[in-house]
Every structure is written in structure tokens, then in C-alpha cells.
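In case you want the letters, here they are:
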Amino acid sequence: MGVEAHATNERVTGRRWTVRLDPVGRGRADVRVSCSRPACAAQVLPSAAAGRTAAIAHLKAHLRAGPAPRPSVHCACRAEECHTHIRPAGPRERPVPWRCGGAVVLAVITDREGRWWQVLECCSRCAAAHPTAKVVATAQAAEAPARADGFRADAPAPATPGGPAATTPAFSAVGPHFSHSAAATGTAVPQQASGPRTSAPRSARPTRKRPPRGRIAQRLVPHDLRPVALRDELTELGELFRAYQARTEPDLAVLADLHARKAEAFHAWAEVTADTGLRLDAQRAEQAAATARLQHLHRIGQAPDGEGPAVARLLTAPAQWNHARAVLAHVAENAPLPGAEACLLVLMVTLRTAQSGVGNLVGQDIKGLPLRDPEQLVGQLVESGWLGIPGTVEELIASRPESPTRISVPSLTPDEDDPGPFTFGRKLRPKLSGWAQRVVGEKKLRKGKTEADVRLLALALATGADGEGRLGPAGEGIGLDGLSSWCSVDPAGLPDLVDRLTAADWLAEADVTDTLLTGRLTERVLPLGCPLT
């Protein structure tokens with residue numbers, strides 16, 4: 001009896017598919033439109049606007065040709081902690097999960113930038129939980145099934161997640177309307193189909209129309225907020241931010257002005273309501289305005305103070321500079337072999353394997369370093385267990401770019417208990433590796449045939465100067481003990497290394513005392529620097 005009941009009430013998961021708009025390649029204007037449904041082939045369009053139009057037309061075709069939502073399916077977004085089940089919370093509140101319930105609907109969810117559109121066959125409560133969801137159609141109420149537990153078949157069934165809750169029409173005869181010309185986000189979604197009402201209300205009660213409420217930064221602007229000028233400013237800012245997100249090209253100057261206005265308005269809002277969260281949001285907006293303005297000045301080639309051209313650095317963000325310093329510090333403390341040559345080789349291998357503990361290496365990567373006996377040094381790293389290679393050292397040295405050698409560093413391989421010493425992502429690792437190669441292989445250092453200790457000192461000074469190239473915090477200099485430990489040389493040997501960097505036009509005004517090295521990086525090598533913040 002129980003088995004039959006289970007088979008009768010078995011339900012399937014709702015449908016879900018996604019239409020995406022992705023760039024074809026870096027520096028190219030054409031885009032690719034793809035659909036997750038197996039029968040749909042990808043399509044390449046010449047521009048983002050044409051791609052967005054084609055993606056929306058493709059989605060419209062699916063919605064018009066596909067069947068109406070089924071009243072007996074489970075919610076397609078039943079995964080725990082998914083964004084459709086979490087109600088947005090304030091800065092000091094915990095997110096509240098939504099429960100499934102209501103009629104099954106076909107909803108379209110899109111991102112603010114208009115890069116993807118997802119269709120879900122889900123319950124109406126989950127659709128309402130998502131801020132960008134638009135309901136295309138609602139399932140017809142299903143007839144009450146025969147019950148195997150003793151209840152009457154014509155009795156109303158208890159509410160179940162994703163089950164039918166009301167009798168509403170499915171697709172209209174005209175079909176869903178879908179257009180990308182919305183002013184707020186630049187990507188509209190199908191509107192809910194309309195149909196005849198199944199039953200009329202007992203009495204027609206007049207509804208009181210409230211004034212429209214603005215929204216900014218996931219916050220609703222109260223319609224009774226005073227002063228009225230503040231309410232209007234917040235509402236207008238929300239519309240301007242949404243219009244900016246719909247732009248095809250960024251304008252950092254405009255974005256900086258918007259963040260500055262938002263900071264001022266949120267400060268005023270916090271004063272009116274005594275809300276600490278609003279005050280924190282205002283501070284974050286001030287930081288965002290300063291960052292966007294600085295990025296804009298860097299992009300147009302101006303210095304922040306307007307006195308001269310900005311430095312076009314190889315690593316552009318403070319977070320990248322801090323990660324570069326973290327890698328150098330880790331290698332200095334954990335190098336398995338002594339000596340400057342071993343430290344330099346360990347650094348370059350670490351940057352190749354920092355993210356996952358494995359990476360590719362070719363012979364030129366090793367032979368391009370100033371190492372007296374690279375085969376012996378690699379063999380010592382393999383014997384110590386720090387480096388793992390699939391073949392012999394000779395095969396690694398002879399490998400070419402078309403057939404690189406897969407290497408591994410067990411101490412950098414993350415696991416469940418140890419995520420590894422570094423926190424940067426996959427995209428930053430090649431940038432850090434490229435930066436180190438540019439410094440170590442810099443033209444004058446290479447032509448001068450400088451040894452490994454000189455190039456290690458160049459790396460240390462590149463990460464130990466301020467934005468103007470002055471060594472140490474506020475130009476006060478760098479301690480000799482730290483530099484000698486990093487370069488694996490005696491402090492008495494540092495003056496000779498400094499002279500060689502000065503001869504290579506890396507350092508100017510250098511002065512070595514008993515405890516400090518002062519001076520500045522030359523303007524030629526400033527793009528390779530990671531300024532102290």
C-alpha cells in the first residue's frame with residue numbers, strides 16, 4: 001500500500017535552462033550566444049548589442065514553443081543556500097531562507113548587466129524571492145489525485161513545496177512579450193501572461209494607490225522619508241546606478257561622481273534615521289568613489305595630484321602588490337636549500353605552482369635564470385622532496401614549449417585541512433609570475449650578466465618602495481638585515497650588490513649605512529614596482 005502511494009505521488013524536478021552572452025576573446029568586439037539546451041548550437045555575433053538582441057530572441061522562441069509549467073513538478077531551484085531561496089538581509093542580519101510554496105510558475109531571471117537569462121520552472125514563492133525574476137506563465141490547478149492514505153480524493157490537498165495553490169491561466173494566445181529595451185537595467189524579461197479570471201470577488205473594494213518607492217543598493221527608499229529632497233535624491237541615484245549598469249562601455253569618471261553623491265546622500269540618510277548600517281554604506285561609497293577616480297586617472301595617464309603622468313604599472317592594484325610581497329616572504333622563510341641561486345629558482349617554481357601545487361615548466365624557464373649548474377640545483381630540489389617531476393632532470397631541462405613538463409610542489413598542494421599559504425585566485429597567479437619574470441629578466445640586468453643575488457635584491461626593492469620609488473615606508477629606508485636574509489648574502493656584501501644595481505640604472509641616490517639602505521628606484525623601473533600602501 002505504501003509503495004503504491006509513493007509511486008502515485010512521485011514528482012519530477014522542474015525544468016531549467018540558461019541563455020548566455022560571452023566574449024569570444026580578449027580585445028575582440030564579437031560575442032558568443034549559447035543555450036544550455038542540448039539541441040541549440042552556439043552563435044557568434046559582431047557586437048554586444050547584436051548578441052543581446054539575438055539572445056533575447058532565442059529565449060522568446062523557447063518560451064513560445066515550450067509547454068506551460070506543470071502543476072505537479074518540484075521547484076527547479078531546490079538546492080540549499082541558493083540565491084533564489086535567500087531573502088536579502090541588512091548588514092547586521094542573517095539571511096533568511098524562503099520555503100517553497102504556491103503555484104508552479106515559469107520564471108525568467110536575469111543579471112543586471114544583461115549577460116545571461118535563466119528560465120526556471122519553480123514555485124511562485126521562490127520566484128518572488130528573487131529580485132529580478134519575472135513570471136511568464138502560471139500552471140493550471142491540477143485535479144485532486146486519488147489518495148492512498150484514507151483521505152477523500154475530492155478533499156483539498158495540503159500545501160506542498162512547489163505545488164499548485166490557485167487556478168491561474170497558462171500562456172496567453174498572443175505569447176510572452178520579451179524585449180531588451182528596458183530603461184532600468186537594459187534587459188527586460190517576459191511579463192506575466194494575462195487571461196480571464198476564474199472567479200469574481202464578492203465585493204469590489206477600491207485600492208489605495210501608494211506613491212512609487214525608489215530603490216538603491218538593495219534598499220527601499222521609504223515613501224515618507226523627510227526631507228523630500230533627500231528622498232528624491234536617493235530615488236534618482238538608484239535610477240542612475242541602474243542606467244549606468246546598462247551601459248555598454250564603462251565611464252569611471254561618471255561612476256566616481258555617482259559614488260560620491262551616494263556617500264553624501266547616505267550620510268544624510270543615516271543622520272535622519274540614526275542607522276549605523278547606512279553610515280557604513282556611506283563610508284564604503286566614499287572608498288568606491290576614490291578608487292574609481294584613481295582608476296580613471298590611471299586610465300587617461302594622469303597622476304592623482306594632476307602634476308604629471310601616472311605610472312603604468314605591470315601590477316595595478318594594491319591587493320596584487322600585497323600578494324607579491326607575500327610570495328617573496330614565503331619563499332625567503334621556506335626555501336628548502338640555502339643560497340641565492342636556490343632561492344631564485346624556488347621563487348620562480350613557486351609562482352608557477354602557487355594556486356594548486358602543480359604547473360608546467362620548460363627548459364628555457366630554468367636556463368634563462370642566472371644559475372651556474374641548473375641540473376644539479378634541480379636535482380637537489382627533487383632529492384629533498386620539495387619538487388616532484390615525472391621523469392629525469394635531463395628531460396626537464398630539454399623540454400620545449402610544445403611539450404612542457406608537469407611539475408608538482410607537495411607543500412603548496414591544498415587539501416581539506418590546509419588550503420595552502422596563498423589566498424589569491426587563478427587569474428592573479430600568471431600575473432604575479434609574469435611580473436617576477438619581467439623583473440628577473442630585465443634588459444640591463446640581463447645584459448650586465450648579474451648574478452642571482454643581484455636579481456633577488458631587485459625583486460626585494462621593487463616591493464619595498466613607495467609610489468614615488470623611495471625605498472622604505474615614507475622613504476625612510478629598508479633594513480639591511482631583512483635584505484641580506486632575502487638575498488641570502490652577508491650584510492657586508494650588500495654594498496657591492498647596491499653598486500651593481502646602481503650601475504644597471506635601477507637605483508639612484510643610494511646610500512648604505514650600518515643598518516639601512518636609502519635611495520629611490522629610477523623612473524625607468526617604476527612600472528615594475530609594487531608600491532607600499
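Our structure is the block above this text.
Structural notes, computed from the coordinates. The shown structure was predicted, so the numbers you read here are calculated from the model rather than taken from an experiment.

### Focus: the overall build of the protein chain
- The helix and strand inventory of the protein chain stands at 16 helices and 15 strands.
- Taken over 533 residues, the protein chain has a buried fraction of 40%.
- Partitioning the intrachain contacts of the protein chain with sequence separation of at least 6 by distance along the chain shows that 63% fall at a separation of at least 24.
- As displayed, the protein chain has an accessible area near 29,700 Å², and 52% of this comes from carbon and sulfur atoms.

### Regarding the nonpolar core
- In this structure, Trp-435, Leu-461 and Trp-506 are the most contacted members of the largest nonpolar core, which totals 73 residues.
- By residue number, the principal contributor to this core is helix α8 (residues 340-353), which donates ten residues.
- Residues contacting Trp-435, with those up to four places away along its chain left out, are Leu-314, Leu-315, Ala-324, Leu-328, Leu-459, Ala-462, Thr-463, Leu-528 and Cys-530.
- Ranked by size, the runner-up nonpolar core spans 19 residues in total, among them Leu-225, Phe-241, Leu-278 and Ala-282.

### Quick notes on the pairing of strand β15 (residues 516-521)
- In terms of strand pairing, strand β13 (residues 478-479) meets β15 through two bridges, oriented antiparallel. Opposite Gly-479, over in β15, you have Leu-516 as the bridge partner.
- With four bridges joining them, strand β14 (residues 507-512) and β15 adopt antiparallel strand pairing. Of the residues in β15, the one forming a bridge with Ala-508 is Arg-520.
- Here β14 hands over to β15 after three residues, the two strands then running antiparallel side by side.

### Comments concerning the sheet that holds strand β7 (residues 116-123)
- Pairing in this open sheet of six strands is antiparallel, and the strands run β3-β2-β1-β7-β6-β8 from one edge to the other. For this open sheet the edge positions go to β3 (43-45) and β8 (134-138), each flanked by a neighbour on one side alone. The average undirected angle you get between the axes of adjacent strands in this sheet is 20°.
- Both strand β2 (residues 31-35) and β3 contribute to a ladder of three bridges, which runs antiparallel. Bridge pairing links Val-31 to Leu-45 in β3.
- Contacts between helix α2 (residues 48-65) and the sheet are confined to β1 (16-23), β2, β3, β6 (104-110), β7 and β8, with β1 contributing the most and set at about 170° to the helix.

### Some details on helix α7 (residues 318-334)
- For α7, spanning 17 residues, the distance from its first C-alpha to its last is 24 Å, which sits close to the expected 24 Å at 1.5 Å a residue.
- Listed in full, the buried residues belonging to α7 are Gln-320, Trp-321, His-323, Ala-324, Arg-325, Val-327, Leu-328 and Val-331.
- Turning to α7, the residues buried within the fold contact α8, α12 (428-440), α14 (452-462) and α15 (480-487).

### Observations regarding the pattern of salt bridges
- Tallied over the full model, the rule gives 21 salt bridges.
- When the shortest N-O distance is used, the salt bridge between Arg-261 and Glu-236 registers 3.9 Å. Here Arg-261, found in helix α5 (residues 252-273), pairs with Glu-236, found in helix α4 (residues 228-245); they are 25 residues apart in sequence, far enough to count as distant.
- Under the relative-accessibility criterion, Glu-236 is labelled partly exposed at 38%.
- Taken together, the shared-partner salt bridges connect Glu-442, Lys-444, Asp-505 and Arg-524 into one network.

### Quick notes on the packing of aromatic side chains
- Scanning the entire structure with this criterion turns up two aromatic pairs.
- Between Phe-266 and Trp-269, the aromatic rings sit 5.5 Å apart at their centres with planes inclined by 80°, giving edge-to-face as the arrangement. A residue pair is termed a helical-turn pair when its members lie 3 or 4 positions apart in one helix, as Phe-266 and Trp-269 do in helix α5 at three residues.
- The exposure class assigned to Trp-269 is buried, which follows from its relative accessible area of 5%.
- Between Phe-422 and Phe-424, the aromatic rings sit 5.5 Å apart at their centres with planes inclined by 25°, giving stacked as the arrangement.
- For Phe-422, a relative accessible area of 11% corresponds to the buried category.
- On the basis of relative accessible area, Phe-424 is assigned to the buried category, the value being 5%.
- One cation-aromatic arrangement involves Arg-37 over Trp-17; the distance from NZ or CZ to the ring centre is 4.5 Å.

### Section: the sheet that holds β14
- The strand order across the open sheet formed by three strands is β13-β15-β14, and the pairing between neighbours is antiparallel. Strands at the two margins of the open sheet, each flanked by one partner only, are β13 and β14.
- Sitting on the sheet, helix α16 (residues 494-503) touches β14 and β15, and the angle it makes with β14 is about 165°.

### Here we look at a positive patch on the surface
- There is a patch of like positive charges on the surface, built from Arg-26, Arg-426, Lys-427 and Lys-431.
- Tracing the backbone through its elements, the reader meets Lys-427 in the loop between β12 (405-408) and α12.

### Topic: the environment of Ala-243
- Here Ala-243 lies in helix α4.
- Residues Ala-243 and Arg-112 lie 131 residues apart in sequence; the distance between their C-alpha atoms is 10.0 Å.

### A closer look at α4
- With 18 residues, α4 extends 26 Å between its outermost C-alpha atoms, agreeing within 8% with the 26 Å of an ideal straight helix rising 1.5 Å per residue.
- Along α4, the residues classified as buried are Leu-230, Leu-234, Leu-237, Gly-238, Phe-241, Arg-242 and Tyr-244. End-on view of α4: buried residues confined to an arc of 160°, all on one side of the axis.
- Close packing links the buried residues of α4 with β9 (215-216) and α5.

Conventions adopted
- Residues numbered from 1 in each chain as written.
- Predicted model: local features only at pLDDT ≥ 70, side-chain atom pairs only at ≥ 80, totals over all residues.
- Heavy atoms only, no water.
- Helix = DSSP H or I, 4+ residues; strand = E, 2+ residues; numbered from the N terminus.
- Buried < 20%, exposed > 50% of the residue type's maximum accessible area, 1.4 Å probe, protein only.
- Contact = heavy atoms within 4.5 Å.
- Areas by Shrake-Rupley, 256 points an atom, 1.4 Å probe, with all protein chains shown as cover.
- Core = buried A, V, L, I, M, F, W, Y, C linked by side-chain atoms within 4.5 Å.
- Pairing = 2+ DSSP bridges.
- Axes fitted to C-alpha atoms, helices over the stretch in contact; angles between N-to-C directions.
- Expected span 1.5 Å × (residues − 1).
- Salt bridge = Lys/Arg side-chain N within 4 Å of Asp/Glu carboxyl O.
- Phe/Tyr/Trp six-rings, centres within 6.5 Å; stacked < 30°, edge-to-face > 60°.
- Lys NZ or Arg CZ within 6 Å of the ring centre and 35° of its normal.
- Patch = residues over 30% accessible without salt bridge, like charges linked within 9 Å, V, L, I, M, F, W, Y side chains within 5 Å.
- Lys, Arg positive; Asp, Glu negative; His and termini not counted.
- Charge placed at Lys NZ, Arg CZ, Asp CG, Glu CD.
- Arc of directions from axis to C-beta.

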